[in-house]
Amino acid sequence: MNPVEIVSHPLAQRHLTALRDAETPTERFAWHLNRLAELLFLEASRDLPVEEVPVKTPLAETEGVRLAKPVVLCPILRAGLGLLDAVRPMVPEARVAHIGLARDETTAEAHSYYAKFPDGMAEAEVFLLDPMLATGGSAVEGVRQLQAAGATSIRFVCVVSCPQGIEAFQKAHPGVPITTAAVDAGLNLQSYIVPGLGDAGDRYFGT
């Protein structure tokens, strides 16, 4: 099965704690989400392929590296934009895809309403970004759409996950790694992660 990397770094867990706190105001929630996204992306991108390039310092010539493959960042709208806002400055040359999925509050199923992908998906390292892995429906559909667009190397980055979502994701997409800050206990009757952090999109955008 695809690996699940839990980022337990103290700073990551500090930011997660602030995100869980119902008293954290919108502007601080956004700040902590951005900082945590940076730490998650660092782990998720740890094994990106690189190639050596010559570089001349003020004192001598030496060797450096650059990314060997293009990077595509793909947030699941709208909550995934909170991760994109932090990650994109870390890889400014990355191109951005978008997948729009709306949750049916009755069935908790994800329904697609928008998708836009850059050219060259097959050659890129693709990162699917979404704060929550709850039932797994949105992440499963997101990877399906990326694969249909030609992506062959995909990594999923989320803030909080749960066993049900991980199981559904791994069953649908074995081999796609997951990077997360927490695996919570499970889902409530409304299919929200518990203890979780509430609706990440609403808290990030103040709606």
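Owing to the predicted nature of the structure, the values given are computational and were not obtained by experimental measurement. (Residues numbered from 1 in each chain as written. Predicted model: local features only at pLDDT ≥ 70, side-chain atom pairs only at ≥ 80, totals over all residues. Heavy atoms only, no water.)

On to helix α2 (residues 26-44). When the terminal C-alpha atoms of α2 are compared, their 26 Å separation across 19 residues agrees well with the 27 Å that a helix rising 1.5 Å per residue should span. Within α2, burial applies to Phe29, Ala30, His32, Leu33, Asn34, Leu36, Ala37, Leu40, Phe41 and Ala44. (Helix = DSSP H or I, 4+ residues; strand = E, 2+ residues; numbered from the N terminus. Expected span 1.5 Å × (residues − 1). Buried < 20%, exposed > 50% of the residue type's maximum accessible area, 1.4 Å probe, protein only.)

Scanning all chains against the criterion turns up nine salt bridges. With its nearest N and O atoms 2.5 Å apart, the salt bridge here joins Arg155 to Asp47. Of this pair, Arg155 sits in strand β10 (residues 153-157) while Asp47 sits in the loop between α2 and β2 (50-56), and the two are 108 residues apart along the sequence. In this structure Arg155 comes out as buried when scored by relative accessible area, which is 10%. Of the charged contacts in the structure, one is a salt bridge between Arg66 and Glu51, with a shortest N-O distance of 2.8 Å. (Salt bridge = Lys/Arg side-chain N within 4 Å of Asp/Glu carboxyl O.)

Quick look at unusual backbone geometry now. Following Leu77, the chain continues to Arg78 via a peptide bond in cis, the omega torsion being 5°. With respect to the helices and strands, the residue Arg78 is situated in the loop between β4 (71-77) and α3 (81-87). The omega torsion across Val194 and Pro195 is 5°, close enough to zero to call that bond cis. Along the chain, Pro195 falls in the loop between β15 (193-194) and α6 (200-205). Even without glycine at this site, Ser191 takes up a positive phi of about 65°. By the element assignment, Ser191 lies in the loop between β14 (186-187) and β15.

The next point concerns the nonpolar core. Within the largest apolar cluster, 36 residues are counted, with the highest numbers of intra-cluster contacts made by Leu16, Leu36, Leu73, Phe127, Val159 and Leu197. Residue assignment for this core shows that the elements contributing at least two residues are α1 (10-20), α2, β4, α3, β8 (125-129) and α6. Excluding anything up to four places from it in sequence, Phe127 contacts Phe41, Ala44, Ser45, Leu48, Val71, Val72, Leu73, Cys74, Arg155 and Val157. Counting residues in each nonpolar core, the second largest holds 22 residues, with Leu101, Ile154, Phe169 and Val176 among its members. (Core = buried A, V, L, I, M, F, W, Y, C linked by side-chain atoms within 4.5 Å. Contact = heavy atoms within 4.5 Å.)

Time to look at the packing of aromatic side chains. For the structure on display, the rule yields three aromatic pairs. A cation over a ring is seen here: Arg28 above Trp31, with NZ or CZ 4.6 Å from the ring centre. (Phe/Tyr/Trp six-rings, centres within 6.5 Å; stacked < 30°, edge-to-face > 60°. Lys NZ or Arg CZ within 6 Å of the ring centre and 35° of its normal.)

We now examine a nonpolar patch on the surface. A cluster of nonpolar side chains, Val50, Val65 and Leu67, forms an exposed patch at the surface whose accessible area comes to about 240 Å². As for its position among the elements, Val50 is in strand β2. (Patch = residues over 30% accessible without salt bridge, like charges linked within 9 Å, V, L, I, M, F, W, Y side chains within 5 Å. Areas by Shrake-Rupley, 256 points an atom, 1.4 Å probe, with all protein chains shown as cover.)

A few words now on the pairing of β2. Looking at chain direction, β2 and strand β3 (residues 61-67) are connected through seven bridges and run antiparallel. Residue pairing in the sheet places Val55 in a bridge with Thr62 of β3. Here β2 folds back onto β3 in antiparallel fashion, the turn holding four residues. (Pairing = 2+ DSSP bridges.)

Glancing now at the packing of helix α4 (residues 137-148) against helix α5 (residues 163-172). A pair of packed helices can be characterised by two numbers: the angle between their axes and the separation between those axes. For the pair α4 and α5, the least separation of the axes is 9 Å and the interaxial angle reads 20°. In terms of their interaxial angle, α4 and α5 are classed as roughly parallel. Crossing handedness for the pair α4 and α5: right-handed. Contact residues: α4 offers Ala139, Val140 and Val143, while α5 offers Ala168, Phe169 and Ala172. Class assignment of the residues belonging to the contact of α4 with α5 gives a composition of six nonpolar, no polar and no charged. (Axes fitted to C-alpha atoms, helices over the stretch in contact; angles between N-to-C directions. Parallel < 35°, antiparallel > 145°, perpendicular 65-115°, else oblique. Left-handed = near helix turned anticlockwise from the far one by under 90°. Nonpolar A, V, L, I, M, F, W, Y, C, P; charged D, E, K, R; others polar.)

Limitation: the analysis is restricted to geometry and does not speak to function.
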